[in-house]
Amino acid sequence: MSLNARLMQEVAARRDDLVRLTQDLIAIPTLNPPGDNYLEICEYLERRLSGAGFETTMIRAHGAPGDSDKYPRWNIVARREGRTPHPCVHFNSHIDVVEVGHGWSVDPFSGVLRDGRIYGRGACDMKGGMAASIIAAEAFIAVCPGFSGAIEISGTADEESGGFGGVAYLAEQGFFSPERVDHVIIPEPLNKDRICLGHRGVWWAEIETKGEIAHGSMPFLGDCAVRHMGAVLAEMETSLFPRLAARRTDMPVVPDGARASTLNINSIHGGEPEQAEDYTGLPSPCVPDRCRMVIDRRFLIEENIVDVETEIRDLLETLRSGRPGFDYDIRELHRVLPTMTDRNAPVVGAVAQAVQQVFGRAADYVVSPGTYDQKHIDRIGRLKNCIAYGPGILDLAHKPDEYVGIDDMEQSAQVMALALCSLLGDVAVSSC
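Attention here is on the structure that accompanies the text. Quantities reported herein were computed from a predicted structural model and do not represent experimental measurements.

Secondary structure assignment for the protein yields eleven helices and 16 strands. Taking 22 Å as the expected radius of gyration for a compact globule of 432 residues, we find that the protein reaches 24 Å, a close match to that expectation. Overall, the protein is about 85 × 45 × 40 Å in size when its C-alpha atoms are taken along their principal axes. Long-range pairs, those at least 24 residues apart, make up 80% of the contacts in the protein between residues at least 6 apart in sequence. As presented, the protein carries roughly 18,100 Å² of accessible surface, and 50% of it is formed by carbon and sulfur atoms. Distance between charge centres in the protein, computed from 42 positive and 62 negative side chains, equals 3 Å.

Written out as structure tokens, the structure is:
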């Protein structure tokens, strides 16, 4: 039997374990925000991976955004040394999941198994991918116990809220430096035959329009900040949105609508603060003197971040010069530059070859519409040899009745195991 066939068979033999592992991970409700049960899931992973011969390190991201004694930002990095420290292949998965939301037909943390799928919050994004990477590593070690190089597996916090208490913190500590790691695979759910090379850029900002408070029965004595924000929205609708929609990228972004520049109105609030749920009275009659809007601008690799920011400021300045009483403040909340790994990078070639072997067809190359933790590995870790590859359908992420297919996880684990064999070189093959 060929080595590839042995690796694929070894993964297939662990199918039941793959299901149980995924269900166990889903059952730990690592909701973010606020950051529940991070220590619990890291301890679970520590038991699992130390039992497979990995040396584990638990790292709390002290001082990172969101970290507190009530909600500590715990991470785990596990390393299995081969005969040499390099090359090192690192599988990185985030441990946090988003809020449950409404519309579920199953318990979101029960890991229900139905019709070849495992249901639950995080099943697709991305506990199924984490489980697949663990099974792939364990299967590879079983077949090639004398491999050369090193394998790392990490479970990291806060990807859903920017990754600053997870991969960003670890990158700052040197865990993703080229001196330590050679190849990174992030098992995000981009579909089992796709290789994700990178992501678009993001610029978040808060815009505040200003007014003057007055009695609601005499609004002419005040100045309504909400109406001023309405003017901002109207200007966006008539001038900005059409310009953004006309811009297209050569990046292979999926879905197709994300190949254009986009702007999302993330939130708007004006006037009195919302009262507590147990408040039964009426609001007071006031003209709102402040209105705030958070915008989420996703931009293309062909665009410059300075131009992205200037375009919004110019829109606001146009309103200030032409609309009586209009005034505003704007502050940046977050920025991430686009990134895209070269198709000729070693990790891309290894995974592409494995996809061909498992599925009998060439891999598709895509770019994510939203950012993920590759941004920190690239920017802080200075490591360019990074991709996202994992099981799951991207469109299911953050949805009710989120699921991951068992066949998809098994086949993705086979791809990862074959990629390990390729990336760890001839010495790994000779040891099998």
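Our next topic: the environment of Gln411. Its place among the elements puts Gln411 in helix 10 (residues 406-423). Taking the C-alpha atoms as reference points, Gln411 and Gly390, 21 residues apart in sequence, are found 9.6 Å from one another. Reaching out from Gln411, the side chain makes a polar contact with the side chain of Lys192 at a distance of 2.6 Å.

Turning next to the packing of aromatic side chains. Under the defined criterion, the tally for this structure stands at three aromatic pairs. Seen from their ring centres, Phe326 and Tyr328 are 6.1 Å apart, and the 40 degrees between their planes marks the pair as tilted. Here Phe326 matches Tyr328 in class, with each residue buried.

What follows deals with the nonpolar core. Judged by nonpolar contacts, the single largest core of 68 residues is most densely connected at Phe140, Ile151, Val351, Ile387 and Tyr389. A per-element tally of this core places helix 4 (residues 123-143) first, with twelve residues. Formed by 27 residues, the second largest nonpolar core is a distinct cluster that contains Ile59, Ala168, Phe175 and Ala388.

This brings us to the sheet that holds strand 10 (residues 262-270). Adjacent strands of a sheet pair through backbone hydrogen bonds, lying either parallel or antiparallel. Spatially, 10-11-9-12 is the arrangement adopted by the four strands of the open sheet, whose pairing is antiparallel. On the outer flanks of this sheet lie strand 10 and strand 12 (328-336), each paired with one strand and no other. For this sheet, the mean inter-axis angle between neighbouring strands, taken without regard to orientation, is 15 degrees. Alignment of strand 10 against strand 11 (residues 290-299), held across eight bridges, turns out to be antiparallel. Looking across to strand 11, one finds that Ser267 is bridged to Val294. Strands strand 9 (201-210), strand 11 and strand 12 of the sheet are contacted by helix 7 (residues 305-322), whose axis makes an angle of about 165 degrees with strand 12.

Analysis parameters
Residues numbered from 1 in each chain as written. Predicted model: local features only at pLDDT ≥ 70, side-chain atom pairs only at ≥ 80, totals over all residues. Heavy atoms only, no water. Helix = DSSP H or I, 4+ residues; strand = E, 2+ residues; numbered from the N terminus. Rg over C-alpha atoms; globule rule 2.2 N^0.38 Å. Contact = heavy atoms within 4.5 Å. Areas by Shrake-Rupley, 256 points an atom, 1.4 Å probe, with all protein chains shown as cover. Lys, Arg positive; Asp, Glu negative; His and termini not counted. Charge placed at Lys NZ, Arg CZ, Asp CG, Glu CD. Polar contact = N/O pair within 3.5 Å; in protein donor to acceptor, adjacent residues only side chain to side chain. Phe/Tyr/Trp six-rings, centres within 6.5 Å; stacked < 30°, edge-to-face > 60°. Buried < 20%, exposed > 50% of the residue type's maximum accessible area, 1.4 Å probe, protein only. Core = buried A, V, L, I, M, F, W, Y, C linked by side-chain atoms within 4.5 Å. Pairing = 2+ DSSP bridges. Axes fitted to C-alpha atoms, helices over the stretch in contact; angles between N-to-C directions.

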